[in-house]
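Commentary on secondary and tertiary structure
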Amino acid sequence: MAAFLTSIHYMSWVLPALLLIPVIGALLILLVPRGNTAPGADEIAGGTAGVPRWIAFITLAVECLVSLGLWWSFNPDVATWQAVYDMPWIPNWGIRFTLGIDGIALMMILLTTVIMVLSVLGSWTGIRTRVRGYYALMLILTSGMLGVFMALDLFLFYVMWEVMLVPMYFIIGIWGGERRIYASVKFFIYTMVGSMLMLAAIVYLGLHASNVATNIPNFSYDAVLTSARVTPQAALWLFGAFFLAFAVKVPMFPFHTWLPDAHVEAPTAGSVVLAAIMLKLGTFGFLRLAVPLFPATAMRDDVRAIILGLAVVGIIYGALVSLVQPDFKKLVAYSSVSHLGFVMLGIFAVTVQSVQGALLVMINHGISTGALFLLIGMIYERRHTRMIDAYGGIARTVPLFAATLTLVSLSSIGVPGTNGFVGEFLVLLGAFRTHPYLAIISATAVILAAAYLLWAIQRILFNPLSKPENEHIPDLNKRELALLAPLIAGIIWLGVYPQPVLRRMETAATQFVKRVEAATGRAATRTPRGER
Amino acid sequence: MLAESLFFSAVLFVIGVVGVLTRRNAIIIFMCVELMLNAVNLSFVAFAQVYGVAGQVFVFFVMTVAAAEAAVGLAIIIALFRHRHTVNLEQINLLKG
Amino acid sequence: MMLLQSVQEAATQGSATGTAMDWLWLVPMLPLLGFVLNGAISLLSATTLGPADPSAAGHGHRDDGHTAHGHDHEHPEPHKLAWLTSIIGSGVLIASFGVAVAVFMAYRSSGAADTAPIVQTYFTWMLTGDLSINASLMIDQLSLVMVLVVTGVGALIHVFSVGYMREDPGYPRYFAYLNLFVFFMLVLVLGANYPVLFVGWEGVGLCSYLLIGFWFSDKANADAGKKAFIVNRIGDFGFLIAMFLLFANLGSLDFTVLRTAAAGLEPGGVLVTAICLFLFLGCTGKSAQIPLYVWLPDAMAGPTPVSALIHAATMVTAGVYLIARSSFLFSIAPFASLTVVVVGALTAIFAATIGLKQWDIKKVLAYSTISQLGYMFVGVGVGAYAAGVFHLVTHAFFKALLFLGSGSVIYAMHRAYHATHSHEDAQDMRNMGGLRTQMPWTFALMWVATLAIAGVPAFSGFFSKDEILTSVFVRARGSTLADATWFGVPGNVVLYACYALGLAAALLTAIYMTRMMLYTFHGPSRTGEKERPHLAEAPWVMTGPLVVLGVLSAIGGWLNLPAFVPVQPTTSLEHWLEPVVGKSALRVTHGAPQEISHSLEYALVGAAVLIAAIGIWIAFNRLKPETLVPKAQAKPEEGFQRVLEHKYFVDEAYDKVIVRPTFVTSRNLLWRGIDVGLIDGLMVNGSAWTARALGWLGSTLQSGQVGTYAWVLVLGVLAVLGAVTLR
């Protein structure tokens, strides 16, 4: 496989192709005539929804297949950018269109393409009005998110960052639930406020990494990384700007309140994409930008203490608030706050194990929470309610659904054998080496996670089948099984044999840790006794 | 001589300004605007006495503009009146917001 | 077949021994295969796929293909493919046991039996930075003992289940979960490092959850399953912290590496004590000791064979196994070991007192299990690791027998009540009585088990329990534990006190077990006139395993006869386990095996026998089954009896002190207060409100009055002019 890919010069065109394919698909969808169903009417019943759905599905399936080649052609042993694609864009401002990946970006790209295909399958019967617009927006969203992961130019990074906001705003605002306008506006403005400061910081960085001779700013990531002339005081403000932008996205406590509303009001696929991919953009930003650009600032005792403190608070707080949610989607939303707290803990504990664990939690959370939202969407299509109390005992009527929901919940809880365990284990193990007490406090979240999820699925699946409207729910159909199958396979495979994934991310994680250690001049970890 | 004329012109101007700012009736406001313009004319003539005939030429310009402006302005007031049935400027607040 | 070969090659890359030991991986994989097959049978036969467009379907029609009716009390429908499940489910266990025996023989005949464990590594699980965890299984003396117990007793219980659960519509699902459980349990005992052990550890907790809540349509059962999982998780938290401590300080999590690395730890130091205490927290969760025992009595909501397998013979003994496996740590942490002993002894007596006043036959056995586990922890706590494991093995025999026997009883009672359409409690002893006439085999075999558990000489339980008590006494006279202090109390005082508690618990054990036998099998029958003719012995598929277990309970003592007995062989198990735990045990006893005079030994043994005899005599004399009335007519208990019957109200206390406040705080303070009120309300929506308010303020400047605008213009001009001229 690797030989075949080299023969077609795969690595030289794959990244721009991944950006272009969804855009072409979106254009195709918009070119399709709308058909004669009245706007606002049920287009699936009217028969005009077929073409846009299939175009979107095929486009994203192609996208997924193209991106899979990256798995084989990625070289885990080199520390440089791979699949680099570089073109001048706005030369007078030092902006170039540069794309490239490392191990972290590789995994995120694969996660994105897979989840997007599954989301389209998941919205097959859920989106019934204005279908063309919806699928076109999903495709543009894909392009935007992939662009963030691939961008090696700060300006391009920011453009892509903002590009993904607009489709998400429309998806929530048009096809969402009852309070969708409130939720979408809140989501948009909240995220934008964070990113505003990031823009200022990026401009500052570009100007200060400028070519001394020609005075042209330089926004290239490598240039800024190595040669930006930034004083420590300025670094603090710049880090703060980046921190704010990414902290809103992660979401870190206390910047998390947009998430429950956005998740609850978004349509199923919107929630899936939001949880599985968009939340990772925040942590990705920390890994790629905020910490490597300003390692000394990030590792200052006060800064690190605040961030780690907020992360641990997020872990425990998210879990406790999940416990008492009556709406299942909100419960999962708050559990995301808890899981992403683990990621932040892993990143800022800065050991190879904790960073690898954080990366794994990012992937695992994408898979298991994505699956959870898809399952919620499926049961919502049948019963049109997300309230846990409206269910009860439905494991007897929908046994397949019950089995998958139980397995996915176990993955979210972190039972060994599922993917959730490996990530959390590595994070806590690594964090324990530098911050033992914080790790101990965070470890109590494993108890809380079991409590809130098991209680929720008990009230939904088990207990007596008391409500008559639950007695005739149809079980999963073939399409739904087909889209759950890869997620379940991922849950088990990553739980039992995560090593291929870990290996591909190892170099990037080690580089991250080394860069921080070099800047702070001290090893971040105590060496274990008897080693080295 | 110049000082007295200028003083007189300034007084007239201020009276005109106060009138514009405080009166409610649009037509009165126009008359005050005319007063302001004529006060300026007066000061131009006074300067012409000292500095040459260019000042008197300016007076012609001002008078022409004043006439044109009065015509257009009164036309606007008539159009307004047709819509709002009032020339009381306090009641014409479509720009409010 | 190719898959088998490739796995085989992968497994033996590093250490192909060319013997049966290379097939070790089959031992856990066979039950896993059973899980997959039975799970497939269960899911595929129970489901009809839904329509392509679920939201347009409205109220979809459910045709009669659905068999997911759950346990319909009036007309239970057995599963169509039950015969296939029986074959697969019990077949894989018997095959696994066969392979385990082959591995055992191969290990014994290989020279490695005296020195090194054999580790089979299958693949790299986690390799990052300086952390290396492999998916490895280890064959050594201790793991072999456990494997034989798990597969052997497990196979018997699977065969029993074929009879017991035959009529249940969820039969394949039951066997799937049971097979999965055995898989995880085998991973637990065969794991070559702590993380693999932890996979098994949590896995058995998961299967326990699934099996306790098997009849989930009843909320109480689902609650019990959830409670078990969450309480277990609290223990797992402790286990995790211990692992982190080990890795952060010793750099590895492999048993073989740690055994040598632990020599560098400071004996009795804070680090090793912390590691051991956190490990023990895990044990209190999994093995139901104080304070995390509360899930085990509730777990009786599951089917009785589940209680036999999981909550008597295997899962709950995982904690004892863990301490034996970590003996190299516990032997250099006297404070932690003393804690283990104290908690074990207290749990033993605490649970025994509760068992005195329980009426549900399974609850009696549950508290008995908790109490006997306490004994095992006392054993491994004082450094007599072989004794603890010995009691684990004998307990597996007689407790499984007791549970399965009670299963036969409950099965008979259920049939009787079904036949008469009665809704009485089939598990309450007040509804039983005089069953020895209707169920003679079960009666006899359960008496064998009762004598074993009470510690009557020549039965297996006598030898194992006596070994533990003697070890405590001996170590109280001289050992590292006796030299240490426990919260200020000298170690030898603690140990003597625990010995006394152990004797007291033995007395109570004899009493409540005899009580159980008296109320169930002796005396007049309280079952009711109509039901009595329907009571009968269980079919042979159920009674057969009971016989095997009965034989084992009777002669199991041969595994480890004490040294002073004039029969050979003696102390076989102790010798067998010596390469694993021998050094650690010696470390506790100051480097030399304890010698006590024969007269003292006979005295101790005699005391234990006397206690057992007194207990049985008290029960026969004071507890009159004739005074009982059926449950429906029984008066509620009063006074201290009521406290005992309600388990000292511990569950209620936990609920009030921990569970309710967590919920109330989370709901009112954290969610409504901070999240919705403070962050969302004040800051987010508050800033939105402020922005709108500022905008409104600004809009008041736009009055629409041209005159006002002119005023502002003039003032502005004056201001600018003034600024310019005055500068």
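Below: a short report on this structure. Along every chain, residues carry numbers that run from 1 in the direction the sequence is written. Whichever chain is written first becomes A and whichever ligand is written first becomes 1, with later ones labelled in order. Owing to the predicted nature of the model, reporting of local features is limited to residues with pLDDT of at least 70; listing and counting of side-chain atom pairs is limited to 80 or more, with chain, interface and lining totals taken over all residues. No hydrogens and no water enter the side-chain calculation; it runs on all heavy atoms of the structure.

Details of the packing of helix α4 (residues 141-164) of chain C against helix α12 (residues 318-325) of chain C
Residue and element names in this part refer to chain C. As a packed pair, α4 and α12 sit with axes 11 Å apart at the nearest point and diverge in direction by 170 degrees. Judged on the interaxial angle alone, α12 and α4 are roughly antiparallel. Two packed elements cross with a definite hand, and for α4 against α12 that hand is right-handed. Listed contacts from α12 to L142, S143 and M146 of α4 are Y321, A324 and R325. Axis geometry follows a simple rule: fit a line to the C-alpha atoms, using only the stretch in contact for helices, then measure angles between N-to-C directions, giving values from 0 to 180 degrees. Helix and strand definitions here come from DSSP, where helices need a minimum of 4 consecutive H or I residues and strands a minimum of 2 consecutive E residues; each element is numbered from the N-terminal end. Any angle that is under 35 degrees is reported as roughly parallel, and any over 145 degrees as roughly antiparallel; angles of 65 to 115 degrees are reported as roughly perpendicular and all others as oblique. Crossing handedness is defined as follows: a turn of the near helix away from the far one that is anticlockwise and smaller than a right angle gives a left-handed crossing, while the clockwise case is right-handed. Contacts between residues were defined by any pair of non-hydrogen atoms, one from each residue, lying within 4.5 Å.

Concerning the nonpolar core
Throughout this description, the term nonpolar core refers to a set of buried Ala, Val, Leu, Ile, Met, Phe, Trp, Tyr and Cys residues connected via side-chain atoms within 4.5 Å. When a residue's accessible area, from a 1.4 Å probe over protein chains only, is under 20% of the maximum for its type it is buried; when over 50% it is exposed; and in between it is partly exposed. By size, the foremost hydrophobic cluster in this structure holds 461 residues, and its most contacted members are F242 and F348 of chain A together with Y194 and L329 of chain C. Contacts of Y194 of chain C, omitting those with residues within four sequence positions, involve F239, M243, L246, L253, F255, L258, L279, L322, S326, F328 and L329 of chain C. Grouped together as the second largest cluster of nonpolar side chains are 11 residues, A26, I29, M36 and L89 of chain B included.

Re the packing of aromatic side chains
For any pair of aromatic rings, the description rests on two quantities: the centre-to-centre distance and the angle between the ring planes. Within 6.5 Å between ring centres, the rings of Phe, Tyr and Trp (the latter by its six-membered ring) count as paired, and their orientation is classed by plane angle as stacked under 30 degrees, edge-to-face over 60, tilted in between. By the definition in use, this model includes 65 aromatic pairs over all chains. Seen from their ring centres, W161 of chain A and F246 of chain A are 5.3 Å apart, and the 75 degrees between their planes marks the pair as edge-to-face. Remark: F246 of chain A occurs in helix α11 (residues 232-249) and W161 of chain A occurs in helix α7 (residues 154-163); sequence separation between them is 85 residues. Accessibility expressed as a relative area gives 0% for W161 of chain A, which makes it buried. By relative accessible area, which is 0% here, F246 of chain A ends up buried. Among the aromatic residues, those joined into a ring-pair cluster are F421, F425 and F432 of chain A together with W125, Y194, F198, W201, F239, F244 and F255 of chain C. Definition used: whenever NZ (Lys) or CZ (Arg) falls within 6 Å of the ring centre and also within 35 degrees of the ring normal, the charge is taken to sit over that ring. K249 of chain A extends its terminal NZ or CZ atom over the ring of W161 of chain A, reaching a point 6.0 Å from the ring centre. Above the face of the Y391 of chain A ring, R383 of chain A is positioned so that its terminal group lies 5.4 Å from the ring centre.

Quick look at the pairing of strand β1 (residues 82-90) of chain A
Residue and element names in this part refer to chain A. Strands pair, by our definition, only if DSSP identifies at least two bridges between them. Pairing of β1 with strand β2 (residues 95-101), which is carried by 6 bridges, proceeds in the antiparallel orientation. Paired with P88 across the bridge in β2 is R96. Hairpin connection of β1 to β2: 4 residues between the antiparallel strands, including G94 at a positive phi of 70 degrees.

Here we look at the pattern of salt bridges
The rule for a salt bridge is simple: a side-chain nitrogen of Lys or Arg has to be within 4 Å of a carboxyl oxygen of Asp or Glu. Here the structure, examined in full by the defined rule, presents 19 salt bridges over all chains. In this structure, D102 of chain A engages R288 of chain A in a salt bridge whose closest nitrogen and oxygen atoms are separated by 3.1 Å. Taken as a pair, D102 of chain A in the loop between β2 and α5 (103-122) and R288 of chain A in helix α13 (residues 268-293) lie far apart in primary sequence, 186 residues in all. Judged by relative accessible area, D102 of chain A falls into the buried class, the value being 13%. Linking K227 of chain C and D651 of chain C is a salt bridge whose minimum nitrogen-to-oxygen distance equals 2.7 Å. With K227 of chain C in helix α7 (residues 219-250) and D651 of chain C in helix α26 (residues 650-700), this residue pair connects regions lying 424 residues apart in the sequence. One connected set of salt bridges, linked through shared partners, spans R179, K186 and D261 of chain A together with D680 of chain C.

Considerations on the interface of chain C and chain A
Residue-level contacts link 71 residues of chain C with 80 residues of chain A. With both chains or domains summed, chain C and chain A bury close to 6800 Å², and 67% of this area falls on carbon and sulfur atoms. Here chain C and chain A share 2 salt bridges between them. Put simply, D680 of chain C and K186 of chain A hold a salt bridge, and the shortest N to O gap is 2.8 Å. Two parts lose some accessible area (1.4 Å probe) when they are put together, and adding that loss for both gives the buried area.

What to know about α26 of chain C
Of all the bends in α26 of chain C, the greatest, near 45 degrees, is centred on D680 of chain C. Taken residue by residue, α26 of chain C has V650, D651, F663, S666, L670, W671, D675, I679, D680, V684 and G686 of chain C as its buried positions. Bend is the name given here to the angle between axes fitted to two runs of seven residues, the run ending at a residue and the run starting at it.

A closer look at the arrangement of the chains
Ranking by contact count across 2 pairs of chains in contact places chains A and C at the top. As for chain B relative to chain A, no contact occurs, and the smallest C-alpha gap between them is 24 Å.

Focus on the interface of chain B and chain C
With 8 residues of chain B at the interface, the matching set in chain C holds 10 residues. Where chain B abuts chain C, roughly 810 Å² becomes buried across the two surfaces, and 61% of that area is made up of carbon and sulfur atoms. Linking chain B with chain C are 0 salt bridges. Any residue outside Ala, Val, Leu, Ile, Met, Phe, Trp, Tyr, Cys, Pro, Asp, Glu, Lys and Arg is labelled polar, Gly included; the first ten of those are nonpolar and the last four are charged. Its residues assigned to classes, the side of chain B that touches chain C comprises 4 nonpolar, 2 polar and 2 charged.

Brief notes about the packing of α11 of chain A against α13 of chain A
Two packed helices can be described by the angle between their axes and the distance between those axes. Residue and element names in this part refer to chain A. At a minimum axis distance of 7 Å, the contact between α11 and α13 shows a crossing angle of 165 degrees. When the interaxial angle is binned, α11 and α13 end up roughly antiparallel. Along this stretch, α11 crosses α13, giving a crossing that reads as left-handed. Contacts between α11 and α13 pair F239, F242, F243, F246, A247 and K249 from the former with M278, L279, L281, G282, G285, F286, L289, A290 and L293 from the latter.

Focus on a nonpolar patch on the surface
Residues and elements named next belong to chain A. A surface patch of nonpolar side chains, amounting to about 710 Å² of accessible area, comprises M1, F4, I8, W13, L65, L68 and W72. The element that contributes the greatest number of residues to the nonpolar patch is helix α4 (residues 50-73), accounting for 3 residues. Judged by its relative accessible area of 59%, L65 is exposed. Two joining distances apply to patches: 9 Å for like charges and 5 Å for nonpolar side chains (Val, Leu, Ile, Met, Phe, Trp, Tyr), and every residue must have over 30% relative accessible area and no salt bridge. Shrake-Rupley sampling with a 1.4 Å probe provides the accessible areas, and residues are treated as covered by the protein chains on show and by no other component.

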